Each structure stands twice: as structure tokens, then as C-alpha cells.
Amino acid sequence: MCPERNCPNCPGEENRAESPSKRRLLNVLLGGSVLAWLGSVLYPMAAFLLPPPSPAMRERSVMVGTVNEFANNSGTLFRLGTRPGILVRTDRGEFRAFIAICTHLDCTVQFKEDESVIWCACHNGKFNLQGMNISGPPPRPLDPLEVSVRGDEVHVSLPA
Amino acid sequence: MNQDGSTSIGRRLYRWLDERYHLNDLVAFLGSKDVPITRMSFFYYFGGITLFLFFVQVVTGILLLMYYVPSADEAYESVHYIMAKVPFGWLIRSIHMWSANLMILSAMIHLVSVFYMRAYRKPRELTWISGCMMLGLLLAFGFSGYLLPWNELAFFATRIGTEVVASIPLVGDWMAYVMRGGEDVSGTTLNRFFGLHVAVLPGVAALLVAFHLIAIQRQGMSKPTEWLNKPPEQRRRMPFFPNFLLRDLLLWFVVLNFLAALAVFFPAHLGEKADPFAPAPAGIKPEWYFLAQYQVLKWLPPTIGPFDGDSVGMLVMSLGMLAVVLLPFLDRTPEGGPRRLWLDLVATLALVILIIVTVLGHVLP
């Protein structure tokens, strides 16, 4: 066999050496296998980074305390499942509760007695006792929770 | 045989190495490099200072690793143990903290001086971009390292930081989920940040530092326009090796002493242990290099048109940073070309605003 590629003296040699369509097919096959191989390497790594959803108990209701534990014009943080909640007692003695996570950037809010507002210390966002965002950067009201007083126990639950 | 035995051994060792690795070529190359002397020359030292502080971080970081435990239950206690019980633990951690802050400051001064000297211009575009990437990396080091003591401030700073990431359109929620390792900042987040801080970021940083230094050696120092405009006989220069390098070393020595003084007189604090069910403490603020973003996030209204205020703010700030990274492609004047005055004006204005907003972020309640 002639060692030169596309040798003019050897008819048929050019077909053997450089067939553009054959070369393209080989490139596609080779490139495709490299991509598939890369995918099979990278996919498990990317999937490994995503933690499986935790089987955290989604508590729907919690007993926060007894009525006389909460003074008028005060706020108390409590735990509802994996999230913090805030129970507020207004100066008229009414109870209200919200998820205590600021709707701006996720900080945990607190009750500010001197202004009777729910306050986020991170960026100075304020909510009134209906949970409405009234000043600062929070874009939405706090997520409300339901309060029920059974006997002298104060229960808070996720809205149905 | 030489009178001084050690010199003789040194020379023989050098000859042995030179025979195998051709060190003479390298020495000749180093000897040919020089540094232009201008009234801005002092700023040439900030790149070297940043590098030195990076070495300090590597050494103190490795030492801290000997005692630190990366878990939500024990991280705070282990840092407390380092501060209270381990001999010189307080010193090592305080130096790590101060060196991190000074390194970011020094990198920023380096970036600003390179801008004013127009050293980013062709052919040094990639050196500039790698430098910008390293500054971003330093901020990522700062952000991830801040969480590791698992204290109150760190916990909320991480919640805010990752929530800011979540405000990026389309991919933000997914990115925040991966960063946090779940819906909320938890022990999983601490593990991820630890891995990032001690393995991923140092690896990437080592590659970028190597590229940055090789690029500078390969292309030589940029010649400032005002220096090039002088007649050749008035262009003063200094050999890099050993004159400039010795000055570098002397300055590193001064910086190390300054660092030790800062660590002794203003040691690092630990604060209260993080409690995911406690409110964010009053007066919570980020480190100084994130104060400007923090203040802007505080000022922004809840919504701007149909969009969330903080998303718009982050978008504008990201575009600003992108403009800085792509600067060599926005100002295409080659080395030694005329200065564009408008660029100086815009950059100076942006810098002044950044400093004012940072100061306001610090002083405003």
C-alpha cells in the first residue's frame, strides 16, 4: 500500500485517506462519547451537592405557653417545626402570631416594645401588629399563623 | 577550595542544580527585569503585600485547623477552646482575622493603583481579570470564613448573604439551596462553607496567583505613560532582583509586626453562640468590605416598579462590578496611550461614593 496520502499515482487512495463525511461522523461519535463521559462524571458530583429533602417533622401546631405568661405589649419567639414563630400580645390583650422570618432577607424578627412593632435588626425593617410591612425594605407582610386559646393554653398553628 | 566552607557547599549545590535545571537562565532572566521609578512607585508594593498576607493566612489557617471542629454542635466550643486554652491560640486566630482584613484592603489598594496607572491596558488584560477574580475570591474567603466560628453574627450574616444569592433571577433559589445545603442555614451549611474555605478556594487561589505572577514576569512591569513620555535618559528604573525584592521583604517584615500589634491590642471576638431560634441581635452589621452593599440594601425601597428592590440593587451592583472586570476591553487604548479623563472622573466618583456609603453604613444606626 502506498504510504503517501492522496497520492496522485494511486487511484482510490484519496477515498481511503480523507473522506470528509467519514471524518465528520468519527468526530461526532468521538465528541459525543466525550460529552457523554463528561456527563457521567459531572452528574453524580452535581447531584451529590443537592442534599436529599430532610424528613423534618412538619409540626403544624405548638403550645406556646399559658395566657398569664404573656404580658400586654410583648412578643415571644417560639419554635414551629424548623422555623421560628413570634407570638405577640397587643396592649389590649389580643394574641397574634406570625412566622418570625423577615420577608426581606430572612433574618429573625423581634418585638420592639417602645414602638409596639415587629422589628428586624438586620436592615431596620418594621411590621405592624397585623404583620403588615410598614417601613424599611421588607417587600411583603409576615406570614400569619393562627392563634387559639384553649382554657388558659395558647396554641399556635399553621393556617389550614 | 573556598575559605568559607558553607559558601563552597552552597556553590556546589547551585552548580549541581544548575547542571540539571539550567538555573543560570532563570537568574539571567530575573536580573534583566526592572521596575520603573515614578512618583506612584510606592503603590507597586501592594501586590507583594497582598501576596505576603495570603501566605500568613495559609500558615495561620493550617494552625487553626489543628483544633477547629467543623460541626454546628462543636464549632463554637472549639474556637472558644482555641481562644481560651490553646497556647497563643488567641494570637493565631487574631492574626488570621486581621490578616484577612488587611489582605482585602491591600488588594483593593492594588486594584485602584493599577487602574490609575493604567496598567490593565493591552497586553495585560488577562492579568487584570485574574486580579479581579482573586479579589472576588478573597471576598468569598471572607464570607465563608465568617461563618466558621458559628456565632450569632455569623449565622445571620450567612442567612442574609445566601438570601441575596436567592434573589438572582431563575437560578438564585437553586444556588442558595446548594450553598446552604438545604432550605435553611444549618450545620450542613457550616460543613459546606468549611470545605469551600479550606480546600476549594485555596486551590483556585493558588492557580490564579500562579497565573498572575507568571503573567507579570513574562510581560514585565507596565510602564506608566508619564514615565514613557520622559526622554530616555531621564527614565529612572530599579532592578527587580535584588533591589526591589529586598524592599518588598523589608516591607513584609514591617507588615508582620504591624499585624502582631493589631492582634495583641485588638484581638478577635467570638460573641454569642448561634441560635437559629433567637432574633437577629440589634446593631448587627457585616464586615467593612460588605458595608456599602448592606447600606444600599437598607436604603432600597421594597419594590422598584414591578421588581423587588433588593433584586434591582443587586443587579445594578453586579453590572458595576462587571464593568470593572471588563475595563481593559472598555478602554482599548494600548500601553503608553493618552489618558481618558472621563474614565478618571467616573472611577473617582464611584470610588468616593463607595467610601462615603461604607462610612455611612458604619455610622448610621
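Predicted model, so just to flag it, every value in this text is computed and none were measured. (Residues numbered from 1 in each chain as written. Chains lettered and ligands numbered in written order. Predicted model: local features only at pLDDT ≥ 70, side-chain atom pairs only at ≥ 80, totals over all residues. Heavy atoms only, no water.)

## Examining the packing of helix α12 (residues 291–299) of chain B against helix α15 (residues 341–363) of chain B
Residues and elements named next belong to chain B. Two numbers describe how α12 lies on α15: the axes approach to 8 Å, and their chain directions differ by 75°. With respect to α15, the axis of α12 lies roughly perpendicular. Contacts between α12 and α15 involve Leu291, Ala292, Tyr294, Gln295, Val296 and Trp299 from the first element and Leu354, Val357, Thr358, Leu360, Gly361 and His362 from the second. Of the residues assigned to the contact of α12 with α15, the class counts are eight nonpolar, four polar and no charged. (Axes fitted to C-alpha atoms, helices over the stretch in contact; angles between N-to-C directions. Helix = DSSP H or I, 4+ residues; strand = E, 2+ residues; numbered from the N terminus. Parallel < 35°, antiparallel > 145°, perpendicular 65-115°, else oblique. Contact = heavy atoms within 4.5 Å. Nonpolar A, V, L, I, M, F, W, Y, C, P; charged D, E, K, R; others polar.)

## Comments concerning the domain arrangement of chain A
Domain annotation of chain A identifies domain 1 (13–49) and domain 2 (61–157). Using only C-alpha atoms to locate each centre, domain 1 of chain A and domain 2 of chain A end up separated by 59 Å. (Domains from an automatic or database assignment.)

## A look at the pattern of salt bridges
Between side chains of opposite charge, a pair can form when the charged atoms approach closely. Scanning the entire structure with this criterion turns up 14 salt bridges over all chains. Lys112 of chain A serves as the salt-bridge partner of Glu115 of chain A, at 3.0 Å between the closest nitrogen and oxygen. For Lys112 of chain A, a relative accessible area of 18% translates into the label buried. Between Glu77 of chain B and Lys273 of chain B there is a salt bridge, with the nearest N and O atoms lying 3.2 Å from each other. One end of the pair, Glu77 of chain B, is in helix α4 (residues 75–84); the other, Lys273 of chain B, is in the loop between α11 (240–265) and α12, with 196 residues separating them in the sequence. Using a relative accessible area of 31% as the deciding quantity, one classes Lys273 of chain B as partly exposed. By sharing partners, the salt bridges in this structure join Lys112, Asp114, Glu115 and Lys126 of chain A into a single network. (Salt bridge = Lys/Arg side-chain N within 4 Å of Asp/Glu carboxyl O. Buried < 20%, exposed > 50% of the residue type's maximum accessible area, 1.4 Å probe, protein only.)

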